[in-house]
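# Examining the three-dimensional arrangement
Listed here are the chains, written in short residue letters.
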Amino acid sequence: MVAMDSAATSSTVSTTYTDHGELGRFAVVTIRRAAKLNTLDPPTIGALHAQALALHGDETLRGVVVTGAGDRAFIGGADIYTMVDLDADGAEAFITSLHEAIDAIRNIPVPVIARVNGYCLGAGLEVAAACDLRVACEDAVFGMPEVKVGMPSVIEAALLPRLIGWGRTAELVLLGENIGAGEALQIGLVERVVGRDQLDGAVQSWCAALLSAGPRAVRLQKALMRDWERLPLDQAVQAGIRRYRQSYGSDEPRSKLRNFVQRRRN
């Protein structure tokens, strides 16, 4: 790690960079409403959307970490004080803006890691589901409690069956009950659970693995994963062939393979 500098800041969301010199850099996007469990109100949603979009065109970027300020919550959900007085039109506008912000995170062209440091509820779980990798501290709590307050779980909750299957999704969205980090790991909702004091180390180990890989290859792999989601199997295979060809549009595969062969010879 070379340095961390502020890149973009609002009153509720900040983006900082960790610079790794010629290897590139990582962005850390932090929701900063710790006193409100980092819940997402309209200004926070707008700032999150803008800062996620700003990362799309950064060619030096190797990965992104999304987290919440403080030690109580990743994101505690959408702001209930915003939702309590909405009418139908206002509800549609609010949930659409939330979807657009989460979708902007999901479409960042490099891997996005959710650093889950506490409550991960409702919209928070949808943000985590939109990330590519998820690591949680052992006392994190996950849930989709919307039905308990009179609304369905929507937008990026649609990603949950892909992660954990229909039955587990049904338990979360129909019953509205919370689960602990251990159960989240067991059902595939997160990839790793660690002690709170090991959370940053776990994130850094994933970042180190990304740095050791080919940057173009990682971007192509993420794009191909999106192809796999939307295409029938035979078309997904053909998409893979096209992405493989694209990888040889640069010297990255040849250079990496030569280095590998040289190490084997030595």
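Coordinates for the structure precede this section.
Described below are features of the structure shown in this document.

## Thoughts on the packing of aromatic side chains
Within this structure, the stated rule accounts for one aromatic pair. Centre to centre, the rings of Y244 and Y248 are 5.5 Å apart; their planes meet at 55 degrees, and the pair counts as tilted. You can call Y248 partly exposed: its relative accessible area is 32%. The residue whose ring lies beneath R25 is Y17, and the NZ or CZ to ring-centre distance is 3.4 Å.

## Details of the side chain of R33
On the secondary structure map, R33 appears in the loop between β3 (25-31) and α1 (42-55). Its relative accessible area of 15% is what places R33 among the buried residues. Ignoring any residue separated from it by four or fewer positions in sequence, one finds R33 in contact with T12, N38, T39, L40, D41, T44 and D79.

## Notes on the pairing of strand β6 (residues 112-116)
For β6, the buried fraction is high: five of the five residues fall into the buried class. In this sheet, β6 lies alongside strand β4 (residues 61-68) in parallel orientation, the contact comprising four bridges. Within β6, the position partnered with V65 by the bridge is I113. Bridge analysis of β6 against strand β8 (residues 133-137) gives four bridges, and the strand direction is parallel. Bridge pairing in β8 places V116 opposite A136.

## What to know about the sheet that holds strand β7 (residues 119-121)
Spatial strand order, β5-β7-β9-β10: four strands in an open sheet with mixed pairing. With partners counted over all chains shown, the strands left at the sheet margins are β5 (73-75) and β10 (179-180), one partner each. Pairing geometry for strand β9 (residues 141-143) and β10, over two bridges, is antiparallel. Its bridge partner being in β10, V141 is matched across the sheet by G180. Along the sheet, helix α4 (residues 123-130) contacts β5, β7 and β9; its crossing angle with β7, the most-contacted strand, is approximately 90 degrees.

## Things to note about the environment of S97
Within the secondary structure layout, S97 lies in helix α3 (residues 88-106). Relative accessible area serves as the criterion here: at 26%, S97 is assigned to the partly exposed category. Along the backbone, S97 and I45 are 52 residues apart, and their C-alpha atoms lie at a distance of 7.2 Å.

Scoring rules and cut-offs
Residues numbered from 1 in each chain as written. Predicted model: local features only at pLDDT ≥ 70, side-chain atom pairs only at ≥ 80, totals over all residues. Heavy atoms only, no water. Phe/Tyr/Trp six-rings, centres within 6.5 Å; stacked < 30°, edge-to-face > 60°. Buried < 20%, exposed > 50% of the residue type's maximum accessible area, 1.4 Å probe, protein only. Lys NZ or Arg CZ within 6 Å of the ring centre and 35° of its normal. Helix = DSSP H or I, 4+ residues; strand = E, 2+ residues; numbered from the N terminus. Contact = heavy atoms within 4.5 Å. Pairing = 2+ DSSP bridges. Axes fitted to C-alpha atoms, helices over the stretch in contact; angles between N-to-C directions.

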